[in-house]
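Chains, contacts and geometry: an overview
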Amino acid sequence: NLEESVPVKGKDELSSMAEALNYLSKELEKQEAFRKNLMQDVAHELRTPLMTLKSHIEAFIDGIWEPNPDRLRSCIEEVERFESLVKSVESLYEADQIPLVVSEHTDLREVAEQVVQMFVPRCENSGITLSFDAPIEPLPVIIHHHDLSQIVWNLLDNAVKYTSTGGAVHVNVGSIQNRSYVHITDTGIGIPEHELDNIFERFYRVDKSRDRNRGGSGLGLAIVKRLVERSNGKIGIESNPGSGTTFSIDWPR
Ligand code: ADP
């Protein structure tokens with residue numbers, strides 16, 4: 001009995017201590033459940049590229065397949081999928097940590113421009129028009145440079161991944177009413193309205209095999225959500241299946 005064992009404390013103090021303990025144990029339980037689910041999800045996801053790789057190698061050994069360059073390339077693709085999954089799991093884990101106090105001002109305009117530049121060759125290769133629009137003045141956001149870069153990168157990666165040849169992706173940064181924003185718009189396949197709440201869950205894909213074949217890990221948006229939340233940002237989506245999607249994120253300046 002907490003009350004008897006700590007006689008010097010007042011009743012109010014005791015009940016707030018009990019509340020705090022209760023809160024802490026619930027938090028620990030939640031974290032434990034989170035870790036357990038994460039482990040199961042990750043094991044499940046890692047199994048797919050491993051099994052594919054294993055069956056390819058067995059087919060080579062049994063002489064069912066000649067190890068020609070195309071088949072060897074598909075083995076490398078599975079290894080790359082595995083690598084990218086491991087990297088995303090690490091990023092998700094980092095995004096879930098309680099952040100240190102951030103006093104760093106990062107310029108959203110500069111970061112967005114750098115990330116857009118990284119996508120130029122990929123868009124040229126896939127016949128997607130990529131454009132960028134920004135004001136002249138800097139757009140300070142209180143966030144680590146690496147986190148901001150990862151948010152824009154993941155959203156741009158999706159925009160390009162889910163847009164076909166001949167489509168367009170537009171990135172627009174600016175500020176309105178003391179908030180800095182980034183809008184990433186694509187003319188891609190879009191997301192059905194009833195899926196909009198689900199897509200931020202880890203390993204959730206609107207169409208499992210289609211999205212996996214496009215090279216998705218299913219973790220991109222789960223990471224974005226956590227990074228945006230921990231930097232006090234807000235995220236919004238507008239999407240029309242068949243005509244495209246806009247992800248908008250804004251932060252207090
Ligand atoms: P993935 O790595 O599979 O892309 P994400 O977490 O980044 O995983 O996204 C979850 C799902 O949301 C995707 O599998 C896809 O179905 C959908 N999605 C995300 N961004 C877009 C987009 N710009 N256009 C259409 N669908 C999208």
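Residues numbered from 1 in each chain as written. Predicted model: local features only at pLDDT ≥ 70, side-chain atom pairs only at ≥ 80, totals over all residues. Heavy atoms only, no water.

The name recorded for the chain in an unreviewed UniProt entry is histidine kinase, from Alicyclobacillus mengziensis. UniProt's Subcellular location (unreviewed entry) comment on the chain is quoted here verbatim: "Cell membrane". Per its UniProt entry, the chain bears the Catalytic activity (unreviewed entry) comment "ATP + protein L-histidine = ADP + protein N-phospho-L-histidine." (UniProt positions renumbered as here; feature names shortened; annotations may be inferred.)

**Observations regarding the overall build of the chain**
A count of helices and strands for the chain gives seven helices and seven strands. Walking the chain from its N terminus toward its C terminus, one meets helices and strands in the order α-α-α-β-α-β-β-α-β-β-α-α-β-β. Over its C-alpha atoms the chain spans a radius of gyration of 23 Å, topping by over 25% the 18 Å that the globule rule assigns to 253 residues. Across its three principal axes, the chain shows a C-alpha extent of roughly 80 × 55 × 35 Å. Going through the 253 residues of the chain one by one, you find that 36% of them count as buried. Taking the contacts inside the chain whose residues are at least 6 apart along the sequence as the reference set, 71% of them involve residues at least 24 apart. As presented, the chain carries roughly 15,300 Å² of accessible surface, and 54% of it is formed by carbon and sulfur atoms. Charged side chains of the chain number 27 positive and 40 negative; the gap between the two group centres comes to 3 Å. (Helix = DSSP H or I, 4+ residues; strand = E, 2+ residues; numbered from the N terminus. Rg over C-alpha atoms; globule rule 2.2 N^0.38 Å. Buried < 20%, exposed > 50% of the residue type's maximum accessible area, 1.4 Å probe, protein only. Contact = heavy atoms within 4.5 Å. Areas by Shrake-Rupley, 256 points an atom, 1.4 Å probe, with all protein chains shown as cover. Lys, Arg positive; Asp, Glu negative; His and termini not counted. Charge placed at Lys NZ, Arg CZ, Asp CG, Glu CD.)

**Quick notes on the packing of helix H5 (residues 145-161) against helix H7 (residues 220-230)**
Taken N-terminus to C-terminus, the directions of H5 and H7 make an angle of 145°; their axes are 9 Å apart at the nearest point. Like other packed secondary-structure pairs, H5 and H7 cross with a definite hand, here left-handed. Between H5, through Asp 147, Gln 150, Ile 151, Asn 154, Leu 155 and Asn 158, and H7, the contact on the second element is made entirely by Gly 220, Leu 221, Ile 223, Val 224, Leu 227, Val 228 and Arg 230. The residue inventory of the contact of H5 with H7, partitioned by class, reads seven nonpolar, four polar and two charged. (Axes fitted to C-alpha atoms, helices over the stretch in contact; angles between N-to-C directions. Left-handed = near helix turned anticlockwise from the far one by under 90°. Nonpolar A, V, L, I, M, F, W, Y, C, P; charged D, E, K, R; others polar.)

**Structural notes on the pairing of strand E5 (residues 179-186)**
Relative to E5, strand E4 (residues 168-176) runs antiparallel, the two sharing eight bridges. Its bridge partner being in E5, Gly 174 is matched across the sheet by Tyr 181. Counting the residues in the hairpin turn of E4 and E5 gives two residues, including Gln 177, whose phi is positive at 45°. When E5 meets strand E7 (residues 244-252), the two strands line up antiparallel, connected through eight bridges. Within the sheet, the bridge partner assigned to Thr 185 lies in E7 and is Thr 246. (Pairing = 2+ DSSP bridges.)

**Notes on the packing of aromatic side chains**
Applying the stated rule across the entire model yields two aromatic pairs. The interplanar angle of 50° and the centroid separation of 5.9 Å between the aromatic rings of Phe 60 and Trp 65 together place this pair among those described as tilted. According to the relative accessible area criterion, Phe 60 is buried, its value standing at 18%. The interplanar angle of 50° and the centroid separation of 5.3 Å between the aromatic rings of Phe 119 and Trp 153 together place this pair among those described as tilted. Highlighted residues: Phe 119 in helix H4 (residues 108-126) and Trp 153 in helix H5, separated in sequence by 34 residues. Residue Trp 153 is classed as partly exposed on the basis of its relative accessible area of 33%. The ring of Trp 65 has Arg 71 sitting right over it, with the charged end atom 4.4 Å from the ring centre. (Phe/Tyr/Trp six-rings, centres within 6.5 Å; stacked < 30°, edge-to-face > 60°. Lys NZ or Arg CZ within 6 Å of the ring centre and 35° of its normal.)

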